[in-house]
Amino acid sequence: MTKGLDRAPLTRDFFDRSVLEVAPDLLGRTLVRRSDEGTIEMRLTEVEAYAGEADPGSHAFRGRTARNSVMFGPPGHTYVYFTYGMWHCLNLVCGPEGRASGVLLRAGEINVGAGLARERRLSARNDKELAKGPARLATALDVDRTLNGSDLFAGPAPALSVLHGTPPPRDQVRSGPRTGVGGDGAHQPWRFWIESDPTVSPYRAHVPRRRRTSGTP
């Protein structure tokens, strides 16, 4: 591995900024996941920004709860939540402490440890699909709620950290509505991705859940 700037860890100050600054700036960075099974490194290719109490699409929109408390800082920690009774999703907390915000990691290209990721993602048809979507990403990295609140800067070899990597040229960064977000937060262009990257997940608009009526099986 090279020992240039791309291998330098990001600093906590990187995350101590507005979520709309941090989110696109995470593209091309290298996420490192260390475990007893081995190490996986992934180049981030797609993310979404969530602006806490100012954002109807955020888990923190209605204030602090036991579930979302880590989103209120300090920056540089992980927020992991469980969804649909099946999947985990990984977020990186950013912004000033006391003001909830975070970046959902939606997709990436696994460059180190692909064999380990394949063991966890047996349904992936190829390596481009290993972390193509937030639930797939968390599964490939073996991320669950035990990592909620992890500090990216906890010692020399934390469970999760982010290296400088190689950010793409600005003209290759695209933005649009967030996937699956409805209501007043549906149209915020806070999903960011690297144009034409094959690991980026397909956009899906929010589909309201249909309520069952009396007599419906």
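One numbering rule holds for all chains: residues counted from 1, following each sequence as written. Owing to the predicted nature of the model, reporting of local features is limited to residues with pLDDT of at least 70; listing and counting of side-chain atom pairs is limited to 80 or more, with chain, interface and lining totals taken over all residues. To get the side-chain values, take all heavy atoms of the structure and skip hydrogens and water.

**Quick word on the confidence of the model for the protein**
pLDDT expresses how confident the predictor is about each individual residue, on a scale running from 0 to 100. Per-residue confidence for the protein gives a mean pLDDT of 93; residues scoring 70 or more make up 94%. Contact definition: two residues touch when any of their heavy atoms are within 4.5 Å. In this model residues 211–217 is a low-confidence stretch, pLDDT under 50, and it forms 1 contact with partners more than four residues away in sequence or in other chains.

**Considering the packing of aromatic side chains**
Any pair of Phe, Tyr and Trp rings, taking the six-membered ring for Trp, is counted once the centres come within 6.5 Å. Such a pair is stacked with planes under 30 degrees apart, edge-to-face with planes over 60 apart, and tilted for the rest. Tallied over the entire structure, the rule returns 3 aromatic pairs. Relative to phenylalanine 153, the ring of phenylalanine 15 lies with its centre 6.2 Å away and its plane at 65 degrees, an arrangement referred to as edge-to-face. In this pair, phenylalanine 15 is assigned in helix α1 (residues 12–15) and phenylalanine 153 in the loop between α4 (134–140) and β6 (160–163), connecting sequence segments 138 residues apart. Taking the ring centre of tryptophan 193 as reference, the NZ or CZ of arginine 191 above it sits at 4.2 Å. In DSSP terms, a helix is any run of H or I states spanning at least four residues, a strand is any run of E spanning at least two, and both are numbered starting from the N terminus. Sitting over a ring, as applied to charges here, requires NZ of Lys or CZ of Arg to be within 6 Å of the ring centre and within 35 degrees of the ring normal.

**Remarks on the pairing of strand β8 (residues 191–194)**
Residue burial is assigned from relative accessible area. The probe radius is 1.4 Å, only protein chains are included, and a residue is buried under 20% of its type maximum, exposed over 50%, and partly exposed in between. Across the two faces of β8 the burial is the same, with Arg191 and Trp193 and Phe192 and Ile194 all buried. By the convention used here, strands pair only if DSSP detects at least 2 bridges between them. Direction of pairing for strand β2 (residues 38–50) relative to β8: antiparallel, over a ladder of 3 bridges. Paired with glutamate 48 across the strands is arginine 191, a residue of β8.

**So, the environment of aspartate 142**
Its location among the elements puts aspartate 142 in the loop between α4 and β6. Residues aspartate 142 and arginine 120, 22 residues apart in the sequence, show an inter-C-alpha distance of 7.6 Å. Excluding its chain neighbours within four sequence positions, the residues that come into contact with aspartate 142 are Arg33, Glu37, Arg120 and Leu147.

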